[in-house]
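Coordinate analysis (summary)
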Amino acid sequence: MDKLFGRPKTMKEQVRENDRALRKTERELQRDRNALERQEKQLELEIKQAAKRGDKQTATILAKQLVNLRKQKTRSHAASSKITSVGMQAKGMASQVWK
């Protein structure tokens, strides 16, 4: 029966696999955060251009988008710290099992 489904993974393999998944998720979050930074800079430029033209309505809409973008960036940082925390907890639990 074991040959059908493969051998069960050892604790070390499970921890390594979990670490790999967490690092991948962290890299994806960092990539998204970099994209948000670029969007933020672009929005700031557009707001300045709209203000220079005297287009208050456009500047207001863009400012609201900028606020939402910054909230999204904050949520991204929170998610990143939670992922790091989960990784540390998993490593801690695994080290207790190995003793």
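Scroll up to find the structure this text is about.
These lines cover the structure that appears in this document, whether it is placed above or below. (Residues numbered from 1 in each chain as written. Predicted model: local features only at pLDDT ≥ 70, side-chain atom pairs only at ≥ 80, totals over all residues. Heavy atoms only, no water.)

Take the overall build of the protein next. Looking only at helices and strands, one finds 3 helices and 0 strands in the protein. Along the protein, from the amino end to the carboxyl end, the secondary structure elements read α-α-α. Here the C-alpha atoms of the protein give a radius of gyration of 22 Å, more than 25% beyond the 13 Å that 2.2 N^0.38 yields for 99 residues. Viewed in the frame of its principal axes, the protein has a C-alpha envelope of about 70 × 30 × 15 Å. For the protein, the residues scored as buried account for 21% of the 99 residues in total. (Helix = DSSP H or I, 4+ residues; strand = E, 2+ residues; numbered from the N terminus. Rg over C-alpha atoms; globule rule 2.2 N^0.38 Å. Buried < 20%, exposed > 50% of the residue type's maximum accessible area, 1.4 Å probe, protein only.)

Here we take up the pattern of salt bridges. Counted by the stated rule, this structure contains 6 salt bridges. One salt bridge connects Lys73 with Glu37, and the closest N-O pair in it is separated by 3.0 Å. Of this pair, Lys73 sits in helix α3 (residues 56-98) while Glu37 sits in helix α2 (residues 11-53), placing them 36 residues apart in sequence. In this structure, Lys73 engages Glu40 in a salt bridge whose closest nitrogen and oxygen atoms are separated by 2.6 Å. Here Lys73 is found in helix α3, whereas its partner Glu40 is found in helix α2, with 33 residues between them in sequence. Judged by its relative accessible area of 14%, Lys73 is buried. Residue Glu40 is classed as buried on the basis of its relative accessible area, which comes to 9%. Connected through salt bridges with shared partners, the residues Glu37, Glu40, Glu44, Arg70 and Lys73 form a single ionic network. (Salt bridge = Lys/Arg side-chain N within 4 Å of Asp/Glu carboxyl O.)

The next subject is the environment of Asn34. Among the secondary structure elements, Asn34 is positioned in helix α2. By relative accessible area, which is 35% here, Asn34 ends up partly exposed. In this structure, the C-alpha to C-alpha distance between Asn34 and Leu69, residues 35 residues apart in sequence, is 12 Å.

Within the secondary structure, Ala21 sits in helix α2. Given the relative accessible area of 40%, Ala21 is considered partly exposed. Spatially, the C-alpha atom of Ala21 lies 9.7 Å from that of Gly87, the residues being 66 residues apart in sequence.

Once that is clear, we can look at the side chain of Ser80. Looking at the secondary structure, you find Ser80 in helix α3. Once residues lying within four places of it in the same chain are set aside, the contact partners of Ser80 are Glu26, Leu29 and Arg33. (Contact = heavy atoms within 4.5 Å.)

Shape is all these values report; function is a separate question.
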